[in-house]
Amino acid sequence: MSVRVLPSEYTVPKGYARGVVAGDFVFLSGVGGIDPATDTVLRTMAEQAAMIVKRIEGSLKLSGSSIENIVKIVTYVTDLKLYREQGVAIIKKALPARAGTLVCVKELARDGMMIEVDVTALFAGGAAKPPH
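Residues numbered from 1 in each chain as written. Predicted model: local features only at pLDDT ≥ 70, side-chain atom pairs only at ≥ 80, totals over all residues. Heavy atoms only, no water.

Enquirer: Looking at this structure, how should I read unusual backbone geometry?
Expert: Trans peptide bonds make up the majority, and among non-glycine residues the majority have a negative phi. The phi dihedral of Asp-39 is positive, around 60°, even though this residue is not glycine. Residue placement: Asp-39 occurs in the loop between β5 (34-35) and β6 (40-41). The exposure class assigned to Asp-39 is buried, which follows from its relative accessible area of 15%. (Helix = DSSP H or I, 4+ residues; strand = E, 2+ residues; numbered from the N terminus. Buried < 20%, exposed > 50% of the residue type's maximum accessible area, 1.4 Å probe, protein only.)

Below, the structure written as structure tokens:
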């Protein structure tokens, strides 16, 4: 099986891949509410959620897949109440209903991050295959 690493969207080098295409799947690294052009964490949960959706969509498109091919979504939040008030509507409107997990954590990788989303999707070539 070959593994294709997606190029980074950040202007500041990171120590991990944006994502990888492996076999019939695309695995994205956790996507936070960070503006990749400035490497800054956005201020509100709503801004972070909107940026996450934009970045997931861009990463999947770059990989040769799309949001419609998502099979699993894992969402990490630091505040469930705030997520329900500001984030859930944005995430649920933009991403399809798929297998999912919501985890409340004490903190995320960067100060100010309130939400991070991790998705696995079918690679477009894999999505067209008939079931075995």
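Still to come is the rest of the account.
Enquirer: What is the right way to read the layout of surface pockets from this model?
Expert: To locate leftover empty space, one rolls a probe as large as a water molecule over the atoms. Looking at the largest pocket, its volume works out to about 250 Å³. Lining the largest pocket are 14 residues, with Ile-73, Thr-75, Tyr-83, Ile-91 and Lys-92 positioned closest to its centre. Secondary-structure elements contributing two or more residues to the lining of the largest pocket are β7 (70-77), α2 (80-94) and β8 (99-104). Considering only residue class, the lining of the largest pocket consists of 9 nonpolar, 3 polar and 2 charged. (1 Å grid on protein atoms, 1.4 Å probe; cavity = no way out; pocket = protein on both sides within 12 Å on 5 of 7 lines; lining within 4 Å. Points joined across faces, edges and corners; volume = space filled by probe spheres on them. Nonpolar A, V, L, I, M, F, W, Y, C, P; charged D, E, K, R; others polar.)

Enquirer: Would you mind showing me how to read the pairing of strand β3 (residues 25-28) here?
Expert: Looking along a regular strand, one sees the side chains alternate between the two faces of the sheet. Side-chain alternation along β3 places Val-26 and Leu-28 on a buried face and Phe-25 and Phe-27 on a face that remains uncovered. Examined bridge by bridge, β3 and strand β9 (residues 115-122) share 3 bridges and lie antiparallel to one another. Its bridge partner lying in β9, Phe-27 is registered against Thr-120. (Pairing = 2+ DSSP bridges.)

Interpretation note: all reported values are geometric properties and have no functional meaning in isolation.
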